[in-house]
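Here is what each chain is made of, one letter per residue.
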Amino acid sequence: MVGLHPDIAFAVERAISISNVDFGVLDGVRSMDRQRHLVSQGKSKTYNSYHLYGLAVDLVPFINGRYRWDDEGAFALIEEAMKEVIAEYALPIEWGYDKWGWDMPHWQMTGYRNRYDIRKIDPRRFK
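Below is a short write-up of the structure. Throughout this document, residue positions are counted from 1 along each chain, in the order its sequence is written. Under the rules for a predicted model, residues below a pLDDT of 70 receive no local features and side-chain atom pairs below 80 are neither given nor counted, while totals for whole chains, interfaces and linings still include all residues. Hydrogens and waters are ignored; side-chain quantities use all the structure's heavy atoms.

1. Overview of the pattern of salt bridges
Definition in use: A pairing counts as a salt bridge when a side-chain nitrogen of Lys or Arg comes within 4 Å of a carboxyl oxygen of Asp or Glu. Here the term buried applies to any residue with accessible area under 20% of the maximum for its type, exposed to any over 50%, and partly exposed to those in between, with areas from a 1.4 Å probe on protein chains only. A helix here means a DSSP run of H or I that spans at least four residues, while a strand means a run of E at least two residues long, and both kinds are numbered starting from the N terminus.
Summed over the entire model, instances satisfying the criterion amount to 9 salt bridges. In this structure, the salt-bridge partner of Arg34 is Asp27, at a minimum N-O distance of 3.6 Å. Judged by relative accessible area, which is 35%, Arg34 ranks as partly exposed. Residues Glu79 and Lys83 are paired through a salt bridge, measuring 2.8 Å at the closest nitrogen-oxygen approach. You can see Glu79 and its partner Lys83 sitting in helix α3 (residues 72-89), 4 residues apart, about one turn around the helix. When its relative accessible area of 32% is taken as the criterion, Lys83 is described as partly exposed. Taken together, the shared-partner salt bridges in this structure form one network comprising Asp27, Arg30, Arg34 and Asp58.

Here you go:
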């Protein structure tokens, strides 16, 4: 979770501590090269992802030793934990599935693109 905005990193850490399902962060900060690759594969729809700024994470259930992209029930447990943390601490974080009706792993901070960009904070490390 290096490079993520501290509020979203906190939300993920707190959510994993209260969640009824284990999960991992499969994507946090992305490089532009990685973003282009994901768009070319149809796994992302934008070249201006919140991941590029350090403002988004993809959370995936980890069950029986492997990541499970197909377990909607497990994603619902992640949703429950994340939304509990978001509400408790009044964090400006939204779920990709609520926003677009798809992208269950995706969580992003809203209203911070002009205030937080890890590429400007640490340009040698995050390009």
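2. Some words on the packing of aromatic side chains
Heads up, the rule is: Any two of the Phe, Tyr and Trp rings considered here, Trp counted by its six-membered ring, make a pair once their centres fall within 6.5 Å; the pair's planes then place it as stacked at under 30 degrees, edge-to-face at over 60, or tilted in between. Placement of a positive charge over a ring is assigned whenever Lys NZ or Arg CZ falls within 6 Å of the ring centre and within 35 degrees of the normal to the ring plane.
If you walk through the whole model with that rule in mind, you get 5 aromatic pairs. A ring pair is formed by Phe10 and Tyr89, whose centres lie 4.9 Å apart and whose planes are at 85°; its orientation type is edge-to-face. One end of the pair, Phe10, is in helix α1 (residues 6-18); the other, Tyr89, is in helix α3, and 79 residues separate them in sequence. Centre to centre, the rings of Trp95 and Trp107 are 5.4 Å apart; their planes meet at 10°, and the pair counts as stacked. Linking Trp95 in strand β4 (residues 93-95) with Trp107 in strand β5 (residues 106-109), this pair joins segments that are 12 residues apart in sequence. As far as the burial class goes, Trp95 and Trp107 line up, both buried. The rings of Trp95, Tyr97 and Trp107 are connected pair by pair, giving a single aromatic cluster. The ring centre of Trp102 lies 4.3 Å from the NZ or CZ of Lys45, which sits over that ring.

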